[in-house]
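Survey of secondary and tertiary structure
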There are 2 protein chains.
Amino acid sequence: MGKNSGVPSPSRRDLLRMIGVTAGSTAMYQAMSSLGFAADSPYRGPIDLQGTPKGASVLILGAGIAGMSAAYELRNAGYQVQVLEYNDRAGGRNWSLRGGDSYTELGGLTQQCRFDKDLYINPGPWRIPYHHRGMLSYCRRLGVPLEPFLQVNYNAYLHSSRAFGGKPQRYREIKADYQGHVAELLSKATRQNALDASVSKEDQERLLESLRNWGALDKTNAYISSNTSSERRGYQKDPGGGLTARPIPSEPIGLTDILESRLWQGISAGDMFDMQTALFQPVGGMGRVGEAFGRELGPLIRYNSKVTDIHQDNQSVSVAYEDTRKPGTKLQARADWCLCTIPLPILAQIPMNVGPALAAAIAAVPYASAVKVGLQFKRRFWEEDEHIFGGITYTDLPIANIGYPNTGFHSGGKGVLLGGYIWGTNAMEFTAMTPDERVRKALDYGSQIHPQYPQEFDNGVAVAWHRSPFTMGCFGMWTSDTRAKHYDDLCEIDGRIVLAGEHASYIGGWQEGAVTSALDAIGRLHQRAIAAGATA
Amino acid sequence: MGKNSGVPSPSRRDLLRMIGVTAGSTAMYQAMSSLGFAADSPYRGPIDLQGTPKGASVLILGAGIAGMSAAYELRNAGYQVQVLEYNDRAGGRNWSLRGGDSYTELGGLTQQCRFDKDLYINPGPWRIPYHHRGMLSYCRRLGVPLEPFLQVNYNAYLHSSRAFGGKPQRYREIKADYQGHVAELLSKATRQNALDASVSKEDQERLLESLRNWGALDKTNAYISSNTSSERRGYQKDPGGGLTARPIPSEPIGLTDILESRLWQGISAGDMFDMQTALFQPVGGMGRVGEAFGRELGPLIRYNSKVTDIHQDNQSVSVAYEDTRKPGTKLQARADWCLCTIPLPILAQIPMNVGPALAAAIAAVPYASAVKVGLQFKRRFWEEDEHIFGGITYTDLPIANIGYPNTGFHSGGKGVLLGGYIWGTNAMEFTAMTPDERVRKALDYGSQIHPQYPQEFDNGVAVAWHRSPFTMGCFGMWTSDTRAKHYDDLCEIDGRIVLAGEHASYIGGWQEGAVTSALDAIGRLHQRAIAAGATA
């Protein structure tokens, strides 16, 4: 295995362990880095498929991110490629709903999106982290311009309906005060010798200095109302210029109030690996990626094609499908190989002759319930009144998130909020409602945080993923148990069929899972095709 | 005094103290908020100057942000306004150096900026925080589009030349590991009853739960190598898709290594009030604001005008100046009132008949030394090789910062880095060098962090603010001592002259200080003008 295989050989591991034991973690870390070890990515740069057998063909089911990244690479490698897509557009969950779009969910209810020009909501994914190198690479190669996505906004809110009289708190206040109290308590414990057993005296001195700085403590190691703490949490009156300039410090919130409110739960979102700065969004909506892929692949994609049967034999794979615009039509596609990216809840309903291991894996993965609500307002009151520019407010209400647009800052005019990103049982309740009811409910809840809602509301849309006819759920949910039993079976090539998609990855719900799973799958398929070509 | 006067009356303060004592800090905070108290801004929205006496005139010295915001408002209020500006452009320190620009510093050395089209460096201010409402309001009113400025980048570096063998560490690793160790230590101390005297048992349980979440601890409250900690600090091998998908956790850095390296100093920058998300930068460079002001004010600004004498009497203010393109010319301007925004090191050298208090204040404020270096490289290797998109790397080397461009992400081609933002004694050393030497030195130091520097370097510029002919320093530095003695004197109207600028504010070095000081000054000047008009 080469340097980039990602799985360390035992001897290298042993070497590192030895270095760690004898030389401490600094040396350990340096050794890891110089061995090409740290920050290894599963994306290896554009895939290099050489030696494609003449005339070899691949049928791809689904023109989402997985299907289209595979189609793009296989086409470039010389395969004959055809993609069947259920929707009348490319992208799958990579999708932006814009003014003029319509969407019909399972059950038959159709929503007409009445957003103004250039305003949109992403019912599916909405951000691309800096380390999702596959997605970023396709954006670059397809010419999709990106702009920053702001995950964390210090002036957005953390909100508990059961604390602070239901009044939302600014993120900066909760974060600064939690850190300040933690620093003060640890400083106190250190000075009372509670750390003597585990931390050297020299390190204790360094720790105290660092806690003062990091926690915004005063000279006595206390977290109190002062310009020092206000330089984190914000002032009662900000500093300014001239004779009315002197700042007035603000009053920190007590530790008990913060702990009881549980608002500390909201301060770490931006520390998570997938939500760390820098994050990106395509200019004009996430759907720009799917649209660009669709243009690139052109006639390779056949839209409005509903797969009804997948059958393989020793020579090829045959897929029966129906044109959704002409119900009852029976059409057929055939190829040497098949890459199937159909989401599992749909795939489980399609007859397909694969072995019991893959069949069991397909049946083993439930899909997450999620609902996203887009609300257009007559003005960007969150910017104008509340000085919130982008980012996310977190609440314990069923809407869970309010996402502010990360574009068009300070532009005035109308704006579209993500009025709810609803999960779990709350999502199931919202899914049971009509789209109009979902919008109304999101408005009701959101009004507790932004009282401007009723006055400024214009129109809205709501996508409940369990009612999506092309996924029947938001993304595959694995447990460590189901992973151990079924994951490899789901990914292994079964005869001439291989699955790909975020459900065949360790980054469920992220587009990078779709990309890396597709590239891994076609890499293996390519080897099979070469082997089969050689023996043919 | 009205609700927005900003200075609380004693009775309101007493009320709040009483609430605080009797009802705890939650009630206190709510009371503060409902009294219109929390997050009071010194910027009150567009200034409303009514009743301008007919024919009243103001001479403004300096077309920087303070001078031009004042000119804009006074012109709109009906004053006759003239602005004298030393440079041949508007903006002052609000300034972007672009390809084709030239800049001559004190001592006579001229730099030709050879950056490519659309690339620039901001020698002065480079970011506008969300709460700098005055600056944001002018950007909006002048039609200057803004884009996000990324202060924090989890994949940028923290670097100490004396730790980790000089190898830069990723921000995410130091931040996650510092938090993890702090959480583990406080958790341990709590469970060993070290907090019993100050924290209730119930709060201790809540604290332990919060520390596990916030610190990414495992079930035993330890911070160890695991997927949980890697979800903060990054993985050894990131999760991906397909059969090579399984993530490999990374190894945290030990507490001793982090404390000794002092890299913890770099993790709080984005928590500071002026550097919290959301921050903005004008599209195309900070100088776009000054340029827009310049266009707006048009012929009201007389460029290339070097003030040589300021004289007031009971009727008016007379200013002698020279056209810098025709040395020796003696020109004169006169008005009823004078708003002087000339930086203090320059102003201190200009004869001006003001009282001893203002004269002493002008002499009391030294200016910070700072040097900014802009480096153009043949490719954006920080993005392509190191996956750093925007934000700042911090180092203990004299260059102190490397700032990555927050625009043109993923665009390929050339790019300009802020190759150093140098302070204090290091800045003095850099100021003593020729511009070429500064650039070379910044390259040398930066190569320790980015080894691509020598290979990829294209060209550079370096602005040493103590050699700036229009400021002779970066910004005014106040101590609590000099503030107590001189600040009010600096801001008070002296006869018919009043000073404004960031030096006359509590937010030194920030453009918002210039704006709020200018608005405060002209508000008071306006009252004087009305009073004088009434008695005339």
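Residues numbered from 1 in each chain as written. Chains lettered and ligands numbered in written order. Predicted model: local features only at pLDDT ≥ 70, side-chain atom pairs only at ≥ 80, totals over all residues.

**Quick notes on the overall build of chain A**
Of regular secondary structure, chain A possesses 16 helices and 22 strands. Summarising its shape, the C-alpha atoms of chain A cover approximately 80 × 65 × 40 Å along the three principal directions. The proportion of buried residues among the 536 residues of chain A is 54%. A separation threshold of at least 6 residues defines the contact pool for chain A, and within that pool the share at least 24 residues apart is 68%. (Helix = DSSP H or I, 4+ residues; strand = E, 2+ residues; numbered from the N terminus. Buried ≥ 20, exposed ≤ 12 C-beta atoms within 10 Å, placed from the backbone. Contact = placed C-beta atoms within 7 Å.)

**A look at the domain arrangement of chain A**
Splitting chain A by domain gives domain 1 (1-37), domain 2 (57-91 + 288-365 + 479-535), domain 3 (97-155 + 277-285 + 368-467) and domain 4 (171-261). Relative to domain 4 of chain A, the C-alpha centre of domain 2 of chain A lies at a distance of 54 Å. (Domains from an automatic or database assignment.)

**Considering the relation of the copies chain A and chain B**
Take chain A, turn it by 180 degrees, move it 0.0 Å along the axis, and it overlays chain B with an RMSD of 0.0 Å. Taken together, the rotation and translation describe the operation of a two-fold axis. Considering only C-alpha atoms, the part of chain A nearest the rotation axis is L186 of chain A, at 2.8 Å. When the interface residues of chain A are mapped onto chain B, 100% of them again lie at the interface, so the same face is used by both copies. (Least-squares fit on C-alpha atoms with pLDDT ≥ 70 in both.)

**Notes on helix α15 (residues 480-491) of chain A**
Residues and elements named next belong to chain A. The terminal C-alpha atoms of α15, which comprises twelve residues, lie 16 Å apart, in line with the 16 Å expected from a rise of 1.5 Å per residue. Residues Y487, L490 and C491 constitute the buried set of α15. Down the axis of α15, the sector holding all buried residues measures 70 degrees, keeping them to one side. Within α15, the exposed residues directed more than 90 degrees away from the buried face are D481 and A484. Close packing links the buried residues of α15 with α10 (356-364) and β22 (497-499). (Expected span 1.5 Å × (residues − 1). Arc of directions from axis to C-beta.)

**Notes on the pairing of strand β18 (residues 392-395) of chain B**
A regular strand carries its side chains on alternate faces of the sheet. Residues and elements named next belong to chain B. Here β18 shows no split at all, with I392 and Y394 on one side and T393 and T395 on the other all buried. Pairing of strand β9 (residues 157-159) with β18, which is carried by two bridges, proceeds in the parallel orientation. By the bridge assignment, L158 is partnered in β18 with Y394. Across three bridges, β18 lies against strand β19 (residues 401-403) in antiparallel orientation. Bridge pairing in β19 places Y394 opposite N401. (Pairing = 2+ DSSP bridges.)

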